[in-house]
Amino acid sequence: MTMIYIHEFSTGIEVKRTSDGGWESGGFTGQYMNCTREIPPEILNAISNREFSLSEGGLQGSWAMVGRQVGGYSVVAVVSRGRDDRGRSVSLYRYFWCEGKDYIEAILRSMISSSNKVDPPVFDPYYQPQSTGYPLNPDSQPVSLDKLAEYLDSSPPIVIPHEQPCTHLILNEIAKEIAKRQGQDYSWAYKVAALENPWYFQVIYPASSEAENNFKEVLARRPRDSVFISGEAGIKTAIKAIIKGRVKPEHINSLEIALAHPQIDAQFWNKLLDGLGASKAYKDKIYSEPMVRLLTLKALLIPKFLPDFLIWIQTAPKPDDCWESCRKLQASIVTEYQKNIHGLPCLTRNVKDGIYSLLSRLITKPKSSKSDSKIQHKLRGLVHSKFDIPQLVKATKLLLTQKDGFWSQVYRVSFTKDLADALTQIPDLSEPGVIKDYPEEQQKFLTNLQPFWRYPGKTDKNYLSLAQFFEEVEEPHFAAIFYQISTGEVPANIFYSLSRKGNVKKGTLFEMTLIRKKGWRDHIHSALDAGIYFVTENLILIIRGMVIGLLLGTIGLTTILLISSWRTSRYDKALQASMDEKIATLEEELKSAQASTTDTNNPETLTGISDDNKGRFRRTDEAIKAMITNLTDYINQLPPNTLNSIGIPEKVQENHEYIVLFCVKRRLGIDPNFQYGEIRQDNEKWQKFSDAIKEYQKSKGVDTLDGVIDKDGPTQTRLEEDIRNQCLNPHGG
């Protein structure tokens, strides 16, 4: 037989002897007395959460009893009456506990044996228990429920009628059986008149008929949608401690245990967290450090809230401060996570599902309304007038690469492998909608991907942000899949990097056929092999590529024309005239684009301006390049005809550089025919451009009026906002 030891401790008081040889309390000391062993923190937390406490008037007889499973321990508290030195009644507690959750019955039988089946051992300040505790017979014995078996089908908390005879062993058996069916820890209260938290118990046996009626009345006032959750008080204590920045391992473990509870769901978490101010902090944009920690917890506990949490942080007046508070909390969790990589499976599951929720949000196309005074992006019902998908991409990248981050740790260690495994399984699913046995957000994400394997060649441009995100975080295999899904082809650099690594075999990855995006060399070879008609069409592609800046500095128009001339001399001369006309038109486009295109990598292009202005130009040019990158996805998602309505010629509507420069000039009040490409060669033209920047800075209240647009600086930020909300929004000006 395994040897089990029962330990005990009692309420700590200052003991005063009385004239009749008895004792009275001179006051509580704040420390427990008669301890046989150091008290586990789980039990101390349960006591501080009032999970064993009788409220005022709760003790009507000479004693009452509370039994409860706490973490990995069995605990029984015997409550009895004493008096203080002013003659007032006080309730005193004597606790009995042992390791293991299934020994409450054994503790009760031990009490019966030691007290000769009359009363349990009650508080005694003079009793000195053995420091090693007492051996306990852990063997369970049958307990007959008799007429009380009918209560096994009731919903807790259950109040047994006072007139119904019942022992603490029977009460323990009822609670144990009910909890077993629900997969919960159990607790009960015996011969009690009032409890601090009666809904924290499965079964209550009242001390009197009056107490019975009071319990029924109190429990009837509890909200109907609430359910009995064992250890709910401990969960609240953990969350409150974390909000205050006092994060301990037991608090993280409390959340982990709670997430494994079958009855704890998003509704439970929302109600609990909103009671602590989560919804108010989110809606009213309260960015105090405790509220950032609270909403960080909400994003951990409710995975689909994660995208909204990131939006909330990014729209803060000082997002960097919010990120730091969020990181510190994550670091506390990472410490526990790294002790045992499988030690937090439920929190880890939630983190993965939250990442899937983020990925899904990145492919959610924002909606816009003509009635909006500004372009407002409605992401699942949440409106942010100055927030868009590229910003969410940026926030997602930061979250998943953040030092000490729990999300980034899980992402690196297991998420990418899990996603790869899931993508491998999708092709084997023969019927749509059969992706099951995954957490909610992961299931949605994978189910939406199914059609791209079922119908090869199907594309959806809304996945482009996802492709670009995975390219930025250097996950080329995922980037390739989502480029194929979004555009129907994979950029050559990604395709070749996977080929060199051996990931792509015969042009397939995760059983999806990848098509490499063709470059200008492919078009030239195709043209030379196919004849003059194809030469003409490929020249159009090549020169239009130049127009949008893809080939400038790499291949000149003269070279193309020489190739064209060589080939056309071998074909019908009548066709050459037609081609010459097309080339002449395209040459004009090329010259226009050359004048507006920047090449700051070539120092010779900056020889016409002073050294000071060279540096100022390069800073400005870097900022404009960043703006082009930041605004690309936004431009791609504009409603049809938007570019026409603001004056962008159709022939350059695929040229994001042209569009951004067009808007920059408009916001700076510069003539649209002013050639940006010329300011790097002419001090006077640079000065004109710089003066326009300075006037813009002055109108926007920028602190530094230096006539320069710095990358990620306030001038760039305001220009981007104006371009989104005004230049590219016909309704916004």
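Asks: An account of the overall build of the chain is requested, with residue identities and associated values reported.
Replies: From N to C terminus, the chain includes 27 helices and 14 strands. Across the 733 residues in the chain, those meeting the buried criterion constitute 50%. Total accessible area on the chain stands at roughly 35100 Å², and carbon and sulfur atoms take up 48% of it.

Asks: How would you explain the environment of T132 if you had to name every residue and give the values?
Replies: In this structure, T132 sits in the loop between α2 (104–114) and β7 (134–136). Other than its neighbours up to four places away in sequence, T132 contacts Y5 and H7.

Asks: Please give an account of the nonpolar core that cites residues and values.
Replies: In globular proteins that are soluble, nonpolar side chains generally tend to be buried together. Core analysis: the biggest nonpolar cluster contains 95 residues, and I239, W269, F309, W407, L449, F470 and F482 have the highest contact counts within it. For this core, the element with the highest residue contribution is helix α14 (residues 406–425), accounting for nine residues. In contact with L449, other than residues within four places in its own chain, are L423, I426, Y463, F482 and I485. One finds L631, I648, F689 and I723 within the second-largest nonpolar core, a separate group that totals 35 residues.

Asks: Give a detailed account of the packing of aromatic side chains, specifying residues and quantitative values.
Replies: All chains considered together, the criterion is met by 30 aromatic pairs. Ring geometry for F617 against W686: centres 6.3 Å apart, planes inclined by 85 degrees, an arrangement best described as edge-to-face. Highlighted residues: F617 in helix α23 (residues 611–636) and W686 in helix α26 (residues 683–699), separated in sequence by 69 residues. We classify F617 as buried; its relative accessible area is 0%. One aromatic cluster is present, formed by Y356, Y411, F415, F445, F452, Y463, F469, F470, F478, F482 and F510 through successive ring pairs. Between R68 and the ring centre of F52, over which it is positioned, the NZ or CZ distance is 5.9 Å.

Asks: Lay out the packing of helix α16 (residues 464–472) against helix α17 (residues 476–487) with the relevant residues and their values.
Replies: It is the contact of α16 with α17, at a shortest axis distance of 8 Å, that shows an interaxial angle of 160 degrees. With respect to their mutual orientation, α16 and α17 come out roughly antiparallel. For α16 against α17, the interelement crossing comes out left-handed. In contact with L464, L466, A467, Q468, F470 and E471 of α16, α17 contributes F478, A479, F482, Y483, S486 and T487. Grouping the amino acids of the contact of α16 with α17 by side-chain chemistry returns eight nonpolar, three polar and one charged.

Asks: Any details on α16? Residues and values, ideally.
Replies: Every buried residue of α16 is accounted for by L464, S465, L466, A467, F469 and F470. Trailing α16 by a residue or two, E474 shows a phi angle of about 60 degrees, which is positive.

Asks: So what's going on with the pairing of strand β9 (residues 187–192)? Residues and values would help.
Replies: Burial runs high along β9: five of the six residues are buried. With four bridges connecting them, strand β4 (residues 63–70) and β9 associate as antiparallel partners. Bridging from a neighbouring strand, V66 pairs with A189 of β9. The pairing of β9 with strand β10 (residues 203–206) spans four bridges and is parallel. Among the inter-strand pairings, V192 is bridged to a residue of β10, identified as P206.

What counts and how
- Residues numbered from 1 in each chain as written.
- Predicted model: local features only at pLDDT ≥ 70, side-chain atom pairs only at ≥ 80, totals over all residues.
- Heavy atoms only, no water.
- Helix = DSSP H or I, 4+ residues; strand = E, 2+ residues; numbered from the N terminus.
- Buried < 20%, exposed > 50% of the residue type's maximum accessible area, 1.4 Å probe, protein only.
- Areas by Shrake-Rupley, 256 points an atom, 1.4 Å probe, with all protein chains shown as cover.
- Contact = heavy atoms within 4.5 Å.
- Core = buried A, V, L, I, M, F, W, Y, C linked by side-chain atoms within 4.5 Å.
- Phe/Tyr/Trp six-rings, centres within 6.5 Å; stacked < 30°, edge-to-face > 60°.
- Lys NZ or Arg CZ within 6 Å of the ring centre and 35° of its normal.
- Axes fitted to C-alpha atoms, helices over the stretch in contact; angles between N-to-C directions.
- Parallel < 35°, antiparallel > 145°, perpendicular 65-115°, else oblique.
- Left-handed = near helix turned anticlockwise from the far one by under 90°.
- Nonpolar A, V, L, I, M, F, W, Y, C, P; charged D, E, K, R; others polar.
- Pairing = 2+ DSSP bridges.

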